[in-house]
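Coordinate inspection notes
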Amino acid sequence: MELNSNEIQQILPHRYPFLLVDKIVDYEPGNYAKGIKCVTANEMQFLGHFPQKHVMPGVLIIEALAQTGAVALLTEEENKGKIALFGGIRNAKFRQQVIPGDVLELNCEIINRKGAVGIGKATATVNGKVAVTAELVFAIEK
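Predicted model only: the values in this text are computed from it and were never measured.

1. Section: the overall build of the protein chain
What the protein chain contains, in helices and strands, is two helices and six strands. Listing every helix and strand of the protein chain by position from the N terminus yields α-β-β-α-β-β-β-β. The C-alpha radius of gyration of the protein chain comes to 14 Å, within 12% of the 14 Å expected for a compact globule of 142 residues. Across its three principal directions, the C-alpha atoms of the protein chain cover 45 × 30 × 25 Å. Classification of the 142 residues of the protein chain by burial places 44% in the buried group. With an accessible surface of roughly 7500 Å², the protein chain has 52% of that area assigned to carbon and sulfur atoms. Across the protein chain, 15 positive and 15 negative side-chain charges occur, with their mean positions spaced 7 Å apart.

Shown next as structure tokens:
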């Protein structure tokens, strides 16, 4: 199943300049989501990070991964219309720079759930090479 940017906005509360997922290419409610982010030099963060050498901030890659994971959780029938908040970030590793022109492939698999809290195993890749890995803790607002 795929979701375009308009469909993503029906699920996530994020909007420009903070909606960081352009398309969901596959998902299974409650289990996983795979998305893409097309990185361009026209994005606001590149005005200051860094003007002489554009590099996508790692925290924004983590946020893009979290938004992807939120799609997996918020497409479940019982979570529609709710918000998924950060509960924590574990073992984040930044392995490669992401620059304008890159297509960031975002994967988040929900590996543990207990009530309104879930843990996602998240990986961002560019051209098949791992850029970022992390475990993300989600808390679904009631």
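There is more to say, and it comes next.
2. Examining the environment of K129
Note on placement: K129 falls in strand 6 (residues 129-140). Through-space distance from the C-alpha of K129 to that of G115 is 34 Å; in sequence the pair is 14 residues apart. Other than its neighbours up to four places away in sequence, K129 contacts Q96 and A124.

3. Focus on the side chain of T75
Within the secondary structure layout, T75 lies in the loop between helix 2 (58-74) and strand 3 (84-94). Only 3.2 Å separates the side chain of T75 from the backbone oxygen of A72, close enough to count as a polar contact.

4. A short note on the pattern of salt bridges
Inspection of every chain in the model, using the stated rule, returns five salt bridges. Residue E76 is joined to R113 by a salt bridge in which the shortest nitrogen-to-oxygen separation is 2.9 Å. Taken together, the positions of E76 in the loop between helix 2 and strand 3 and R113 in strand 4 (residues 103-114) put the pair 37 residues apart, joining distant regions of the chain. The shortest N-O distance in the salt bridge between K80 and E77 comes to 3.2 Å.

5. Topic: the pairing of strand 6
In summary, the side chains of a regular strand alternate between the two faces of the sheet. In this sheet, strand 6 lies alongside strand 3 in antiparallel orientation, the contact comprising eight bridges. In the sheet register, R90 faces strand 6, and the bridge partner there is E135. Pairing of strand 5 (residues 117-126) with strand 6, which is carried by ten bridges, proceeds in the antiparallel orientation. Directly across from V117, in strand 6, lies its bridge partner A139. Taking the residues that link successive antiparallel strands as the turn, the strand 5-strand 6 hairpin has two residues, and the phi of N127 there is positive, at about 50°.

Calculation rules
Residues numbered from 1 in each chain as written. Predicted model: local features only at pLDDT ≥ 70, side-chain atom pairs only at ≥ 80, totals over all residues. Heavy atoms only, no water. Helix = DSSP H or I, 4+ residues; strand = E, 2+ residues; numbered from the N terminus. Rg over C-alpha atoms; globule rule 2.2 N^0.38 Å. Buried < 20%, exposed > 50% of the residue type's maximum accessible area, 1.4 Å probe, protein only. Areas by Shrake-Rupley, 256 points an atom, 1.4 Å probe, with all protein chains shown as cover. Lys, Arg positive; Asp, Glu negative; His and termini not counted. Charge placed at Lys NZ, Arg CZ, Asp CG, Glu CD. Contact = heavy atoms within 4.5 Å. Polar contact = N/O pair within 3.5 Å; in protein donor to acceptor, adjacent residues only side chain to side chain. Salt bridge = Lys/Arg side-chain N within 4 Å of Asp/Glu carboxyl O. Pairing = 2+ DSSP bridges.

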